[in-house]
Amino acid sequence: MKILAIMGSNNETGNTIRLYDYIVDRLSGEEITKVDVNKVRIEACIGCDYCLDHQGECIIKNDDMEWIYNELEHTDLVLIVSPVYFTSFPSRLKALIDRCQMLYNLKDRSGINHKGFAAVHIGGSRPYPQQFEGIKGVYKYWIPDFNAEMVGFVGIPGTDAVKPEENSEGMAEVDGLIEKIKTGDYYGKGN
Ligand SMILES: Cc1cc2nc3c(=O)[nH]c(=O)nc-3n(C[C@H](O)[C@H](O)[C@H](O)COP(=O)(O)O)c2cc1C
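Predicted model, so just to flag it, every value in this text is computed and none were measured.

Asks: Could you give me a rundown of the site of the ligand, with the residues and numbers involved?
Replies: For the ligand, the set of nearby residues contains 18 residues, the closest of which are Asn-15, Thr-16, Phe-86, Gln-131 and Asp-160. One of the side-chain nitrogen or oxygen atoms of Tyr-128 is found 2.9 Å away from a nitrogen atom of the ligand. A distance of 2.7 Å is found between an oxygen atom of the ligand and a side-chain nitrogen or oxygen belonging to Asp-160.

Structure, rendered in structure tokens:
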């Protein structure tokens with residue numbers, strides 16, 4: 001199974017990258033392409049609508065979205081591990097999401113294989129009702145653009161007080177998601 005694994009924290013030494021490494025290590029039997037948002041260059045979408053008239057093309061050339069588009073279209077599973085910033089995404093990850101306007105504007109998605117999508121998000125604050133809801137709302141409308149369906153979402157609150165790896169309840173959910181990804185019966189059968 002091909003997995004596009006996106007590390008979405010702007011912090012390269014924080015909770016997220018440790019959790020990301022934990023998950024990616026346990027998926028190491030799979031064909032993983034890693035994206036660390038700090039190590040790629042992704043320009044911001046400028047909302048120019050070029051991709052409406054030029055189907056499948058973005059006006060911004062020669063940044064890392066060129067190959068990330070290809071991965072989003074043809075991988076078997078997209079995995080995102082990220083913190084919550086103001087009930088939403090860190091800016092570098094949000095830039096990647098916004099650049100998918102090109103995929104949103106596609107009239108013919110038949111060349112994009114059906115795939116799974118999984119996300120693990122951490123929030124520093126104690127749990128509060130809307131903590132992960134902004135993110136879930138984005139996924140509802142974003143992931144169909146690359147023909148993905150939700151396999152699982154894990155939200156771990158309270159990481160400013162308790163590291164994710166010390167949160168046994170949260171890690172049990174993460175382990176469950178890893179197992180679900182590994183045993184997914186339709187991945188790797190894309191067109
Ligand atoms: C700019 C910014 C905004 C944040 N907004 C939220 C928030 O809305 N809700 C929350 O629970 N935690 C919030 N946090 C806390 C982070 O989610 C938390 O510290 C997380 O562990 C950061 O991940 P990292 O260790 O990879 O940097 C915010 C942190 C930053 C830096």
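What follows continues from the structure just given.
Asks: Let's hear about the pattern of salt bridges: which residues, and what values?
Replies: Summed over the entire model, instances satisfying the criterion amount to 9 salt bridges. Ionic pairing is found between Lys-39 and Asp-36, a salt bridge with its closest N-O pair at 3.6 Å. Residue Asp-36 is classed as buried on the basis of its relative accessible area of 11%. Across the pair Arg-41 and Glu-43 runs a salt bridge, and its minimum N-O distance is 2.6 Å.

Asks: Could you give an account of the sheet that holds strand 4 (residues 115–122), naming the residues involved and the relevant values?
Replies: With parallel pairing, 5 strands are arranged side by side in an open sheet as 2-1-3-4-5. Strand pairing shows two members of the sheet lacking a second neighbour, strand 2 (31–36) and strand 5 (148–156), which therefore form its edges. Looking at each pair of strands side by side, their axes are set apart by 15 degrees on average, direction ignored. Of the pairings in the sheet, the one linking strand 1 (residues 2–7) to strand 2 comprises 6 bridges and is parallel in character. Bridge pairing in strand 2 links Ala-5 to Lys-34. Most of the contacts of helix 7 (residues 168–182) go to strand 5, to which it runs at about 160 degrees, and overall it touches strand 1, strand 3 (77–83), strand 4 and strand 5.

Here is what the cut-offs are and how they apply
Residues numbered from 1 in each chain as written. Predicted model: local features only at pLDDT ≥ 70, side-chain atom pairs only at ≥ 80, totals over all residues. Heavy atoms only, no water. Near = heavy atom within 4 Å. Polar contact = N/O pair within 3.5 Å; in protein donor to acceptor, adjacent residues only side chain to side chain. Salt bridge = Lys/Arg side-chain N within 4 Å of Asp/Glu carboxyl O. Buried < 20%, exposed > 50% of the residue type's maximum accessible area, 1.4 Å probe, protein only. Pairing = 2+ DSSP bridges. Helix = DSSP H or I, 4+ residues; strand = E, 2+ residues; numbered from the N terminus. Axes fitted to C-alpha atoms, helices over the stretch in contact; angles between N-to-C directions. Contact = heavy atoms within 4.5 Å.

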